[in-house]
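The lines below spell out each chain.
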Amino acid sequence: MLDNKVKELINKQINQEFYSSYLYLAFANFYYDKGLDGFAHWYDVQAQEEHDHAMLMRTYLHNNGESVTFEAIEKPSLACNDIIDPMKAAYAHEQYVTHLINEIYRAADEVHDYRTMQCFDWFVKEQGEEEKNADGLIKKYELFGSDPKGLYALNQELLGRTYAAPTLVL
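Just so it is clear, the structure is predicted and the values come from calculations on it, not from any experiment.

## Considering the packing of helix α3 (residues 85–110) against helix α4 (residues 114–144)
Right, on to step 1. The geometry of α3 relative to α4 is characterised by a closest axis approach of 9 Å and an angle of 165° between their N-to-C directions. Judged by the angle between their axes, α3 and α4 are roughly antiparallel. Seen along the crossing, α3 lies across α4 with a hand that is left-handed.
Right, on to step 2. Along the lines of polarity and charge, the residues of the contact of α3 with α4 split into 16 nonpolar, five polar and eight charged.

This is the structure in structure tokens:
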């Protein structure tokens, strides 16, 4: 059995990951409405990744004899007006999620829960990639997005993103 605080933090994170998926679907909807199907596709893939992160954590709790409690998923309340708004919000959100993952890791370390730390090594690394990707998208948009041809090319590039299921072994 896991330490109660560690278990509660992981359960909270499962719900947060589902919220992240919901948030990214809202961003995809924003871009579909703008006619930017590449940006929308990028966030659709991102939403799938976040869903899978929740499912991995759910499996981890079950594999350790713990039950999972689902909470209501809050409606995303971001007002997006400009094309860059969801990108900036996504970057800030990923930084917040990194903080939450670090809290789980810290709590596991405090009780010498090496199994949870080993599992969450993957999530720590993943969050580094998430932040890098979110920041990189902002930088590309800032470089090319103000030019219609550049925006078109970036939108086409984002259409090429493929989904890759996580390979974490629990």
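Having put the structure on the table, let's press on.
## Some points on the side chain of Glu66
Right, on to step 1. Here Glu66 is to be found in the loop between α2 (37–63) and α3.
Right, on to step 2. Filtering out sequence-adjacent residues up to four positions away, Glu66 remains in contact with Met1, Leu2, Lys7 and Leu61.

## Details of the layout of surface pockets
Right, on to step 1. A volume near 240 Å³ is recorded for the largest pocket.
Right, on to step 2. If you trace the largest pocket, you find 14 residues lining it, with Glu49, Trp122, Glu126, Glu129 and Ala164 closest to the centre.
Right, on to step 3. At the level of secondary structure, the elements contributing two or more residues to the lining of the largest pocket comprise α2 and α4.
Right, on to step 4. Examining the composition of the lining of the largest pocket, we find that five residues originate from one element, α4, more than from any other.
Right, on to step 5. Here the residues of the lining of the largest pocket sort into four nonpolar, four polar and six charged.
Right, on to step 6. A volume near 150 Å³ is recorded for the second largest pocket.
Right, on to step 7. Every residue along the wall of the second largest pocket is listed here: Lys12, Asn15, Gln16, Tyr19, Glu71, Ala72, Ile73 and Glu74.
Right, on to step 8. Residue composition of the lining of the second largest pocket, by class: three nonpolar, two polar and three charged.

## Structural notes on the UniProt feature "domain: Ferritin-like diiron" (unreviewed entry) in the chain
Right, on to step 1. Residues given the UniProt feature "domain: Ferritin-like diiron" (unreviewed entry) here are residues 1–145.
Right, on to step 2. Between the end C-alpha atoms of residues 1–145 the distance is 50 Å, and the span holds 79% helix and 0% strand.

Parameters and conventions
- Residues numbered from 1 in each chain as written.
- Predicted model: local features only at pLDDT ≥ 70, side-chain atom pairs only at ≥ 80, totals over all residues.
- Heavy atoms only, no water.
- Axes fitted to C-alpha atoms, helices over the stretch in contact; angles between N-to-C directions.
- Helix = DSSP H or I, 4+ residues; strand = E, 2+ residues; numbered from the N terminus.
- Parallel < 35°, antiparallel > 145°, perpendicular 65-115°, else oblique.
- Left-handed = near helix turned anticlockwise from the far one by under 90°.
- Nonpolar A, V, L, I, M, F, W, Y, C, P; charged D, E, K, R; others polar.
- Contact = heavy atoms within 4.5 Å.
- 1 Å grid on protein atoms, 1.4 Å probe; cavity = no way out; pocket = protein on both sides within 12 Å on 5 of 7 lines; lining within 4 Å.
- Points joined across faces, edges and corners; volume = space filled by probe spheres on them.
- UniProt positions renumbered as here; feature names shortened; annotations may be inferred.

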